[in-house]
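Chain residues, written in single-letter form:
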Amino acid sequence: DSLGLDIEAGTGSGDKSTFEIIEAGDNDDLALESSDEDPDGTKLEVSEDDEKEYAIFAFDLSAEDSDNDIEIDDLYVNVTVGGTDGTSVNAIVDDFRLEVDGKSFSAESYTGTGTGVTGVQFEIDGDVVIDADDVVTAVLYANFNDVSNSFSDATIQASTSASTINAEGADDVVATGGTKTGNEHT
C-alpha cells in the first residue's frame, strides 16, 4: 500500500480477514557478545626502535536472532592504561585499528590523552554487513610507539558498549548486550 507495507491475507470467513502489521525493522536484532578470540592477558613487548602492533581486545557482533541483515555504521571503544611510571595513552600508543569480518578500519577520533581515552571512533559506513543468523568478530589492535622508557608496569585494557554501536537493518537497530571488557595486558 501507500505506506510500503506487505500485507498477506490471513485466515477468516466471508468478507473478513485477519492480519498482523509488523513495523519494518521490528524483528531486527544486533547483540554485542564476548568473543572466544579475545586475547588472554599477557605481557606485550615494546621496542625502542620500532612500533609494534598487538591485538588487545575482541568481541562478537551477532545477528543470529535478526530477520534482516544488519549494516554497521560506526562503533566506539574505550581504552584505559595504568601503571606507576607516568603511563599515558599517548606515551605508549600511536594509533588504534579495528578489524571486523576481515575489513580494517583506522580510528577516526577520540577524547582524552591521559590514563583513559573514551569514544575511540571507527567509521564503518556500511562496509560491514552482518547477515541475518550470522556472527562476526571485531578485533581491536593497538599500535605501540617505539619508546625509550621501560613502562615495565604499564597496563592497557579496552571495552565497548552496545549503546555505542550504530547500525541499521530494515530500520535503525539498537544493539543489546551491555558492556564487554577485554583482558588487561601489561
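Right above here is the structure, for reference.
Residues numbered from 1 in each chain as written. Predicted model: local features only at pLDDT ≥ 70, side-chain atom pairs only at ≥ 80, totals over all residues. Heavy atoms only, no water.

Participant: In this structure, what is going on with the pairing of strand 7 (residues 135–144)? I would like to understand it.
Facilitator: In summary, the side chains of a regular strand alternate between the two faces of the sheet. Of all ten residues in strand 7, nine are buried, a share of seventy percent or more. Bridge count for strand 2 (residues 52–62) against strand 7 is ten bridges, and the pairing is antiparallel. Across the sheet, residue L61 finds its bridge partner in strand 7, namely V136. In terms of strand pairing, strand 4 (residues 93–100) meets strand 7 through seven bridges, oriented antiparallel. By the bridge assignment for strand 7, F96 is matched with A142. (Buried < 20%, exposed > 50% of the residue type's maximum accessible area, 1.4 Å probe, protein only. Helix = DSSP H or I, 4+ residues; strand = E, 2+ residues; numbered from the N terminus. Pairing = 2+ DSSP bridges.)

Participant: Help me understand unusual backbone geometry in this model?
Facilitator: The phi angle of most residues is negative, glycine excepted, and most peptide bonds adopt the trans form. One non-glycine residue, D101, adopts positive backbone phi at about 50°. In this fold, D101 is placed in the loop between strand 4 and strand 5 (103–106). For D101, a relative accessible area of 49% translates into the label partly exposed.

Participant: I would appreciate a short explanation of the packing of aromatic side chains in the present structure.
Facilitator: Taken as a whole, this structure holds two aromatic pairs when the rule is applied. Ring geometry for F57 and F59: centres 5.2 Å apart, planes at 40°, overall tilted. You'll find F57 and F59 in the same group, each marked buried. Positioned over the ring face of Y141 is R97, at 4.2 Å from the centre of the ring. (Phe/Tyr/Trp six-rings, centres within 6.5 Å; stacked < 30°, edge-to-face > 60°. Lys NZ or Arg CZ within 6 Å of the ring centre and 35° of its normal.)

Participant: Is there a simple way to think about a negative patch on the surface in this case?
Facilitator: On the surface, a cluster of negative charge is contributed by E64, D65, D67, D69, D101, D131, D133 and D134. Position of D69 relative to the elements: it lies in the loop between strand 2 and strand 3 (70–82). (Patch = residues over 30% accessible without salt bridge, like charges linked within 9 Å, V, L, I, M, F, W, Y side chains within 5 Å. Areas by Shrake-Rupley, 256 points an atom, 1.4 Å probe, with all protein chains shown as cover. Salt bridge = Lys/Arg side-chain N within 4 Å of Asp/Glu carboxyl O. Lys, Arg positive; Asp, Glu negative; His and termini not counted. Charge placed at Lys NZ, Arg CZ, Asp CG, Glu CD.)

Participant: Help me understand the pattern of salt bridges, please; the structure alone is not making it clear to me.
Facilitator: Side-chain pairs of opposite charge can arise where the charged atoms are in close proximity. Here the structure, examined in full by the defined rule, presents two salt bridges. The partner of E53 in a salt bridge is R97, with the nearest N and O atoms 3.0 Å apart. In this pair, E53 is assigned in strand 2 and R97 in strand 4, connecting sequence segments 44 residues apart. On the basis of relative accessible area, E53 is assigned to the partly exposed category, the value being 40%. Members of the salt-bridge network, linked through shared partners, are E53, R97 and E99.

Any functional reading would require information beyond the geometric quantities listed.
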